[in-house]
2 protein chains.
Amino acid sequence: MAIAEKPNIQGLERRRRTGPTIQDVARAAGVSTATVSRCLNEPDLVIEATRERVFKAVDDLGYAPNFSAKTLAANKSGTIGAIIPTMENAIFARGLQAFQEELGEFGYTLLVASSAYRQDLEAQQIRNLVARGVDALMLIGYDRDPDIYAFLAKRGLPFVNAWTYNRDMDASSVGFDNRAAMRGLAEKVLGFGHSRIGVISAHRTHNDRARERLEGIQQALSAAGLGPSRLSVLDVNYSIESGAMAFRTLMEHADSPTAVMCGNDVLAVGAVDMARQMGLTVPDDVSITGFDDIELAQISTPRLTTVHVPHREMGKRAAEILIGMLGGQHSGPSTLLKTRIMLRETLGPARASA
Amino acid sequence: MAIAEKPNIQGLERRRRTGPTIQDVARAAGVSTATVSRCLNEPDLVIEATRERVFKAVDDLGYAPNFSAKTLAANKSGTIGAIIPTMENAIFARGLQAFQEELGEFGYTLLVASSAYRQDLEAQQIRNLVARGVDALMLIGYDRDPDIYAFLAKRGLPFVNAWTYNRDMDASSVGFDNRAAMRGLAEKVLGFGHSRIGVISAHRTHNDRARERLEGIQQALSAAGLGPSRLSVLDVNYSIESGAMAFRTLMEHADSPTAVMCGNDVLAVGAVDMARQMGLTVPDDVSITGFDDIELAQISTPRLTTVHVPHREMGKRAAEILIGMLGGQHSGPSTLLKTRIMLRETLGPARASA
DNA sequence: TCCCGGCATGTAAGCGCTTACATTTGGATT
DNA sequence: AATCCAAATGTAAGCGCTTACATGCCGGGA
């Protein structure tokens, strides 16, 4: 959420009163506006006595600097933007939290917008945040219109692609190898004797993570000598409900899978729920896996077998990279984080073939 | 998330390049900046031919207006702020989504910040958003420092208190009666024969909603002729984990409750999970209830008995109220929304007394 | 005593926009 | 043809801040 649509202000009612300005403070303290500004931003440059007078005036008047004016004049905002695909699910919450905490350490502020998994909206939000003067940007994944990258480059705006790892781009990324991680999980699944696999994936257009995760599964299958016919893939929206519906579709098919691998935990939880509604026991009748290891995975009944992603570390690293770039470093190298397979209760041996 | 800490920009590196300005566009199109501005904001005032030239220049240059400059000059931002206690849980997600959608209809943009359930941080975020030029504010609950209300009043800044209903304040609120809703649920619980009730509540200092919900339970008990000794209350942080811990504490007590009422669904899900870990069957051994009816409640095993809150409608109404106030109306009356008790699986008859 | 340098502060020029007001233009009206 | 009015556009004054540069001040070294 945060920040939406075009910033078309036309026709909106005008605010009347504004608070005291730096002028008012300067007058009250008997100094120039420059001194007030210095007190606020570089107190060391001002002698103690003056500083006290100024701060007193600030307090008395309840002065708070106008952010727009400040950003406009200084050509920097102390704000860093992040655009995530959704706020509806907790996937990004933990990582973002860590990101924010780290930024805070360096005096930066975070602004979050969501793109609803739509590339056009993401582009719009990027422009929106840039227009708002963010000093840098954290984006999710790397799959976006070249125009956007060109735009960012032209403005010299530092950014980092998170939740992904890509050594081939010149943009720095911080994340994990979605393909390898999912392949690892798929190998475990195959190790349990499953050979008909259903996949519930998030939509893959404009979503490198979803795409790579599926590729990981495909690789594992083909390495095990299983043909693509063993795989049924369903692309769905990102919600518990969608996971449930897709699971039903998969299971009602004549040649139903013995294991259903989901692109993320939210879908998997929906699948687990539907299994129960259908009277299927997990994992005896069917195995289900997720991806992300969010809180949901652990309170699901039975507990979800999934891939653990180091969200907090990813957020922290993203912040470090950006701050480094703001400090003048060229786009640092990409950072690869490790994932871990969490074998819990929803994955078990394949049921005997029908 | 979004927006954090003090906006202390001092010492941060300066951005270099900026995009084309309105001047550049004016020059390219052979018109004045005023005309460009009009094209962008009030196209009807500009004759077709000119408009086309201007838009062509805009496209060619990739011009995007500088938001800070715009806000500064126009003294309005087309942005509305919301400060919610947390983004970690989905409690506010749905309502906020509806809020945003409605705002979008009117050309407004949403900015979200989180207060981490801390009154001081909330105050800071309010000032922060105001400094950023938001035209109005949505806040959660009504319980905050009078200074904040004074500040808002002095700036003439429209705001609405959501997720709560309070006819006594002169601020407008949109929400439901937390006390009555929880009292209704408590009556159901008592109706099932429970007489030793545990309560897992969010911290109640600076949280009117948590406080009122507990009061609702107390009222129901006393109306049923049960003394306060029948109630054990635990205040905890807002997380699944905390709910689980609190539940254990409650149940390990000698005189353990037969029903545990939780201040929200997240805590309740934690409690349900812990019950299972402790080998207790819900609701046979112990009943558990939640509040909010978020998605989690329905996929919990067993499904959570809880209070349904009309989140989407609340968000929508909040937007309408704010837009009305921006249109000049004085703070409208408060809006009371209805809640509904969702009797699902976690509430059952009290177990026979030990 | 004079001069220099560094510190504390002031001056004022913008930052990129909006908008009140002034000016121009081209009919329509007489 | 002269007049008037509305529509289209231009002019320029800010909005509230930062910051390069100028100024004034004071103490110490020559």
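Residues numbered from 1 in each chain as written. Chains lettered and ligands numbered in written order. Predicted model: local features only at pLDDT ≥ 70, side-chain atom pairs only at ≥ 80, totals over all residues.

(A) Representation of the overall build of chain A within the structure. If you tally the helices and strands in chain A, you get 13 helices and 12 strands. Here the C-alpha coordinates of chain A stretch approximately 90 × 40 × 40 Å along the principal axes. Scored against the burial criterion, the 354 residues of chain A give a buried share of 51%. The contacts in chain A between residues at least 6 apart in sequence include a share of 71% that link residues at least 24 apart. (Helix = DSSP H or I, 4+ residues; strand = E, 2+ residues; numbered from the N terminus. Buried ≥ 20, exposed ≤ 12 C-beta atoms within 10 Å, placed from the backbone. Contact = placed C-beta atoms within 7 Å.)

(B) Highlighting the protein's contact with DNA strand C. Near DNA strand C, the surroundings consist of 27 residues, among which A34 of chain A together with I22, A34, S37 and A73 of chain B are the closest. Where the surface near DNA strand C is concerned, the elements lending two or more residues are α2 (33–41) and α4 (67–74) of chain A together with α2 (33–41) and α4 (67–74) of chain B. Looking at the surface near DNA strand C residue by residue, the classes come out as 15 nonpolar, 10 polar and 2 charged. (Near = placed C-beta within 6 Å. Nonpolar A, V, L, I, M, F, W, Y, C, P; charged D, E, K, R; others polar.)

(C) Structural context of the nonpolar core. Core analysis: the biggest nonpolar cluster contains 176 residues, and M138 and A271 of chain A together with M138 and A271 of chain B have the highest contact counts within it. Contact partners of A271 of chain A, with chain neighbours within four places excluded, come to I200, G243, A244, F247, V260, C262 and I288 of chain A. (Core = buried A, V, L, I, M, F, W, Y, C linked by C-beta atoms within 7 Å.)

(D) Quick peek at the sheet that holds strand β9 (residues 287–289) of chain A. Residues and elements named next belong to chain A. Reading across the sheet, the 4 strands line up as β7-β6-β8-β9 and stay open at both edges, with parallel pairing between neighbours. Lying at the two open borders of the sheet, with one neighbouring strand each, are β7 (231–236) and β9. Adjacent strand axes in the sheet meet at a mean angle of 15° when their direction is disregarded. Across 4 bridges, the pairing between strand β6 (residues 197–202) and strand β8 (residues 259–262) is parallel. Bridged to I200 within β8 is C262. Seen against the sheet, helix α9 (residues 208–223) touches β6, β7 and β8 and runs at an angle of roughly 165° to β6. (Pairing = 2+ DSSP bridges. Axes fitted to C-alpha atoms, helices over the stretch in contact; angles between N-to-C directions.)

(E) Up close: the protein's contact with DNA strand D. In the vicinity of DNA strand D there are 27 residues, among which I22, A34, S37 and A73 of chain A together with A34 of chain B approach most closely. When contributions to the surface near DNA strand D are tallied by element, the ones reaching two or more residues are α2 and α4 of chain A together with α2 and α4 of chain B. Sort the elements by how many residues they give to the surface near DNA strand D and α2 of chain A lands first, with 6 residues.

(F) Highlighting the pairing of β6 of chain A. All names here are of chain A. Most of β6 is tucked away, with 6 of its 6 residues classed as buried. Side chains I197, V199 and S201 of β6 all project onto a buried face; the interleaved residues G198, I200 and A202 project onto the opposite face, where all are buried too. Relative to β7, β6 runs parallel, the two sharing 6 bridges. Residue pairing across strands places S201 opposite D235, the latter belonging to β7. A crossover links β6 with its parallel partner β7, the connecting element being α9, and its sense is right-handed. (Right-handed = clockwise from strand over helix to strand, strands pointing away.)

(G) Region of the structure containing the packing of helix α8 (residues 178–191) of chain B against helix α9 (residues 208–223) of chain B. Residues and elements named next belong to chain B. It is at 7 Å that the axes of α8 and α9 come closest, and there the two elements cross at 40°. For the element pair α8 / α9, the angle class is oblique. As for how α8 packs across α9, the hand of that crossing is right-handed. Taking contact as the criterion, the partners of N178, R179, A180, A181, M182, R183, A186, E187 and L190 in α8 are, on α9, R209, E212, R213, E215, G216, I217, Q219, A220 and L221. Grouping the amino acids of the contact of α8 with α9 by side-chain chemistry returns 8 nonpolar, 3 polar and 7 charged. (Parallel < 35°, antiparallel > 145°, perpendicular 65-115°, else oblique. Left-handed = near helix turned anticlockwise from the far one by under 90°.)

(H) Spatial organisation of helix α5 (residues 93–105) of chain A. Residue and element names in this part refer to chain A. The first and last C-alpha atoms of α5 sit 19 Å apart over 13 residues, in line with the 18 Å expected at 1.5 Å per residue. Listed in full, the buried residues belonging to α5 are A93, G95, L96, Q97, A98, F99, Q100, E102 and L103. Packing partners of the buried residues in α5 comprise β1 (79–84), β2 (109–114), β3 (136–140) and α13 (311–326). Downstream of α5 by one or two residues, G107 has phi in the positive range, about 80°. (Expected span 1.5 Å × (residues − 1).)

(I) Molecular detail of the packing of α5 of chain A against α13 of chain A. Residues and elements named next belong to chain A. One way to put it is that α5 packs onto α13 with a least axis distance of 7 Å and a crossing angle of 35°. Of the two elements, α5 crosses α13, and the hand of that crossing is right-handed. On the side of α5, the interface is formed by R94, G95, L96, Q97, A98, F99, E102 and L103, while α13 contributes H311, R312, M314, G315, K316, A318, A319 and E320.

(J) Fine view of α4 of chain A. Looking at α4 of chain A, one finds that the buried residues are F67, S68, K70 and T71 of chain A. The arc that holds the buried residues of α4 of chain A, viewed along the axis, is 165°, so those residues lie on one side. Where α4 of chain A is buried, its residues contact α4 and α6 (119–131) of chain B. One or two residues past the end of α4 of chain A sits N75 of chain A, with phi positive at roughly 55°. (Arc of directions from axis to C-beta.)

(K) Local environment of the sheet that holds strand β5 (residues 173–175) of chain A. Residue and element names in this part refer to chain A. Spatially, the 6 strands line up as an open sheet ordered β2-β1-β3-β4-β5-β11, and their pairing is parallel. Each end of this open sheet is capped by a strand with a single partner; those strands are β2 and β11 (335–336). With 4 bridges connecting them, β1 and β3 associate as parallel partners. Opposite I83, over in β3, you have L139 as the bridge partner.

(L) Quick peek at the environment of I83 of chain A. All names here are of chain A. Position of I83 among the secondary structure elements: in strand β1. Accessibility expressed as a C-beta count within 10 Å gives 24 for I83, which makes it buried. If near-sequence neighbours (up to four positions away) are discounted, I83 is found in contact with A113, S114, S115, E122, Q125, I126 and L139.

(M) Just the environment of M278 of chain A, in detail. Residue and element names in this part refer to chain A. Tracing the backbone shows M278 in the loop between α11 (265–277) and β9. Along the chain, M278 and R248 lie 30 residues apart, while their C-alpha atoms are 8.1 Å from each other. If we skip the residues at most four places from it in the chain, M278 touches R248 and M251.

(N) Representation of unusual backbone geometry in the model. Residue and element names in this part refer to chain A. The step from T301 to P302 runs through a cis peptide bond, and the omega angle for that step is -10°. Along the chain, the position of P302 falls in the loop between α12 (295–299) and β10 (306–308). The phi angle at H206 is positive, at roughly 65°, despite the residue not being glycine. Judged by the 18 C-beta atoms lying within 10 Å of it, H206 is partly exposed.

(O) View of the environment of S172 of chain B. In this structure, S172 of chain B sits in the loop between β4 (159–162) and β5 (173–175). Distance from S172 of chain B to A162 of chain B, taken between C-alpha atoms, is 8.7 Å for residues 10 residues apart in sequence.

(P) The confidence of the model for chain A, seen in detail. Here chain A averages 91 in pLDDT, and 94% of its residues register 70 or above. Note that residues 1–16 of chain A has pLDDT below 50 and, in this model, 54 contacts with residues that lie over four places away or in other chains. (pLDDT = per-residue confidence, 0-100.)

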